[in-house]
Amino acid sequence: MNVLLLGSGGREHALAWKISQSNKLKKLFIAPGNAGTSTIGKNINIDPCNFASVKQIALEKNINLVVVGPENPLVNGIQDFFIEDAELKNIPIIGPGKIGAQLEGSKEFAKKFMLRHNIPTAKYLSVSSKSIDDGLSFLQQLSPPYVLKADGLAAGKGVLILNTLSEANQALNKMLNGQFGEASKRVVIEEFLSGIEVSFFAITDGNSYKILPEAKDYKRIGENETGLNTGGMGAISPVAFANKEFKDKVEKQIIIPTIKGLKKDKIYYKGFLFFGLMNVNGNPFVIEYNVRLGDPETEAITPRIKSDILDLFEGVANNTLENKNLQISDETVSTIMLVSGGYPQSYEKGKEIKNIDSVKDSIVFHAGTKTSNNKIVTNGGRVLAISSYGNNMNSALSKSYKNAEKILFDGKYYRKDIGFDL
Ligand code: AMP
Ligand code: GLY
C-alpha cells in the first residue's frame, strides 16, 4: 500500500518509523515531513491544510491510505473533502470528519458531548460577550483557581488558570475581547480539577476500538512543572498509577461512552481519540479530547506497539478493527525532548545538530529539523525526541539522558526531571 502521512513533527516521525516497519507498505510519503522522515520515506513539501495540493499528491502517487498527524487538517475538514470528491472518495483517511473533529476544535462542543453522554468532566459554563454577566456570576460560585478556555483552537495556548477571582474576571473580559481572535469569541469557564494528568489513546473504526498504550506528558518548560506551557517536554509510557482498576474505569466511564456517544449522535468517526485525563483520587475525568495522537506521547507509545500499524489502519478503513490483534510491549519507553534555547518564546533556527549518528541505544525522532547543505539543522522550538526502552522507568531514562547529552546544537535545552512525579 502507498501511504501519505500528513504533518512534520516528532509525532509524524514516530508514526513514519512505525509505518515503515510494515510489510504491507509499498511507498511512504510524508507531507511536509522533516529531516528525520526524509530518511525513511519521501518528503513532499506541501501544506497539509492546502487540500488541493493534498489531492494532487494523492492522485499522482497512487495513494491508498492517508494518515493525518495534526489536528488542523481534520478540523478544517480534510476527511469530508476526500469523501465529497469523486476521485478521492475511495481513499480512506485515518482521522475523523469535520464534525467529529469538533471534539478538539470546540471546547463547548466537547463539553456538551460529555454532558449528553454522562462522561465525567469538570462542571462548566460556556459564555460569549453577550452572556458575560452569567460568566462572572458562575466564577463567583467556583472556588479558586479558575480555569478559562478559549472555545476554538489556539495552538495549545488557549487555557488560562487564574488564582484570584479578580484576575479571572479580567482574563474573561480580555479573552472575550479577542485575546485569541476568533478562538476566544466563546469561553468555557471550568471548575478546577485537582489531581495528576495522564493521556489515554484509542483508535476506532466507528464501531469497535483498541486501546493504545497510555503516557504521561510533561508540558511546562521548567523543572517541577514550572514556567510557561510548551507542546510537551517529555513523556513516559506506561504510567504506573494507571493500574488495572484505573484503566477499567477509563474504559467503562470514558472510552466506551465516547465511542457509543459518537455513534448515537451519528458522528462518523474513524481515527485516533486522545483523552486528556485528570486522575482525581483514583477517578478519571476528561480535561480535553483531541482527535489525533499526542506529541511527545506518540514518541513514547509507538515504540511499545508490537503489532503492524498498517494492519490496524486497514482494520479502521474496512471496519474490521474488531478482528485485529493489538500487542503491546511491557517495556517502559521514556522520551526526552531537546528544544531550542528560548522556546516556548522566541528562539533561533538553523543551528547545526551534531552527533545524532553516535546514538546507539535510543531512537532519535526528529521534530523541528531540516536538511540544509547536507547538514541537519534546527527548524523549530522542539527539535528532537529521544526515546529509549528500559525494563523500568529509570533504566529507560538513563539511556535517553545519556544520549541527550551527546547530541549537540547551540542553545540546546531539555528538562532533567522527566518522570519525577511517577
Ligand atoms: P487543555 O488545553 O484543555 O488540555 O488544558 C491545558 C492544561 O490546563 C491541561 O493540561 C491541564 O494541566 C490544565 N487544565 C485544563 N482544564 C483543567 C481543569 N478543569 N482543572 C485543572 N487543570 C486543568
Ligand atoms: N502533548 C499534548 C498534545 O499533544 O496535545
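Please refer to the structure placed before this passage.
Quick look at the structure, then. (Residues numbered from 1 in each chain as written. Chains lettered and ligands numbered in written order. Predicted model: local features only at pLDDT ≥ 70, side-chain atom pairs only at ≥ 80, totals over all residues. Heavy atoms only, no water.)

**A few points about the layout of surface pockets**
Counted as a void, the second largest pocket has a volume near 380 Å³. Every residue lining the second largest pocket is counted, 18 residues in all, and those nearest its centre are Thr-39, Ile-356, Asp-357, His-366 and Ile-376. Those elements that provide at least two residues to the lining of the second largest pocket are α1 (10-19), β19 (363-366) and β21 (375-378). Element by element, the count of residues in the lining of the second largest pocket is highest for β19, at four residues. (1 Å grid on protein atoms, 1.4 Å probe; cavity = no way out; pocket = protein on both sides within 12 Å on 5 of 7 lines; lining within 4 Å. Points joined across faces, edges and corners; volume = space filled by probe spheres on them. Helix = DSSP H or I, 4+ residues; strand = E, 2+ residues; numbered from the N terminus.)

**A closer look at a nonpolar patch on the surface**
Where nonpolar side chains cluster on the molecular surface, the patch consists of Val-159, Ile-161 and Phe-192 and spans about 230 Å² of accessible area. Within the secondary structure, Ile-161 is located in strand β8 (residues 159-162). With a relative accessible area of 48%, Ile-161 lands in the partly exposed category. (Patch = residues over 30% accessible without salt bridge, like charges linked within 9 Å, V, L, I, M, F, W, Y side chains within 5 Å. Areas by Shrake-Rupley, 256 points an atom, 1.4 Å probe, with all protein chains shown as cover. Salt bridge = Lys/Arg side-chain N within 4 Å of Asp/Glu carboxyl O. Buried < 20%, exposed > 50% of the residue type's maximum accessible area, 1.4 Å probe, protein only.)

**Looking at the pattern of salt bridges**
Per the stated rule, a full pass over the model turns up 26 salt bridges. Linking Glu-12 and Arg-11 is a salt bridge whose minimum nitrogen-to-oxygen distance equals 2.8 Å. Note on accessibility: Glu-12 and Arg-11 belong to one class, buried. Residues Asp-217 and Lys-219 are paired through a salt bridge, measuring 3.9 Å at the closest nitrogen-oxygen approach. For Lys-219, a relative accessible area of 30% corresponds to the partly exposed category.

**Regarding the packing of helix α7 (residues 132-141) against helix α8 (residues 165-179)**
Axis separation between α7 and α8 bottoms out at 10 Å; the angle between their running directions is 155°. Between α7 and α8, the crossing angle belongs to the class labelled roughly antiparallel. In this structure, α7 crosses over α8, and the sense of that crossing is right-handed. Of α8, the residues touching α7 (which contributes Ile-132, Gly-135, Leu-136, Leu-139 and Gln-140) are Leu-165, Ala-168, Asn-169, Leu-172, Asn-173 and Leu-176. In the contact of α7 with α8, the residues fall into seven nonpolar, four polar and no charged. (Axes fitted to C-alpha atoms, helices over the stretch in contact; angles between N-to-C directions. Parallel < 35°, antiparallel > 145°, perpendicular 65-115°, else oblique. Left-handed = near helix turned anticlockwise from the far one by under 90°. Contact = heavy atoms within 4.5 Å. Nonpolar A, V, L, I, M, F, W, Y, C, P; charged D, E, K, R; others polar.)

**As for the sheet that holds strand β15 (residues 234-237)**
Spatially, the five strands line up as an open sheet ordered β12-β15-β18-β22-β19, and their pairing is antiparallel. One side of each edge strand has no neighbouring strand; the edge strands of this open sheet are β12 (216-217) and β19. Where β15 and strand β18 (residues 332-339) come together, four bridges link them in antiparallel fashion. Among the inter-strand pairings, Ala-235 is bridged to a residue of β18, identified as Thr-335. Where helix α12 (residues 393-406) meets the sheet, it contacts β15, β18 and β22 (382-390), and its direction lies at approximately 140° from that of β22. (Pairing = 2+ DSSP bridges.)

**Quick word on empty space enclosed by the protein**
Per the counting criterion, the structure on display carries two cavities of 30 Å³ or more. Leu-103, Glu-104, Ser-106, Lys-107, Ala-110, Lys-111, Met-114, Lys-149, Glu-190, Ile-287, Glu-288 and Tyr-289 together form the lining of the largest cavity. Broken down by secondary-structure element, the contributors of at least two residues to the lining of the largest cavity are α5 (102-105), α6 (107-116) and β17 (283-290). For the lining of the largest cavity, the leading source of residues is α6, giving four residues. Split by residue class, the lining of the largest cavity holds five nonpolar, one polar and six charged. The computed volume of the second largest cavity comes to approximately 50 Å³. With three residues, the top contributor of residues to the lining of the second largest cavity is helix α11 (residues 309-318). Tallied by class, the residues present in the lining of the second largest cavity amount to ten nonpolar, one polar and no charged.

**Things to note about the environment of Ser-184**
In this fold, Ser-184 is placed in the loop between α8 and β9 (187-190). It is 5.7 Å that separates the C-alpha atoms of Ser-184 and Asp-151, two residues lying 33 residues apart in sequence. If we skip the residues at most four places from it in the chain, Ser-184 touches Ala-150, Met-175, Leu-176, Gly-178 and Gln-179. Reaching out from Ser-184, the side chain makes a polar contact with the backbone oxygen of Met-175 at a distance of 2.6 Å. (Polar contact = N/O pair within 3.5 Å; in protein donor to acceptor, adjacent residues only side chain to side chain.)

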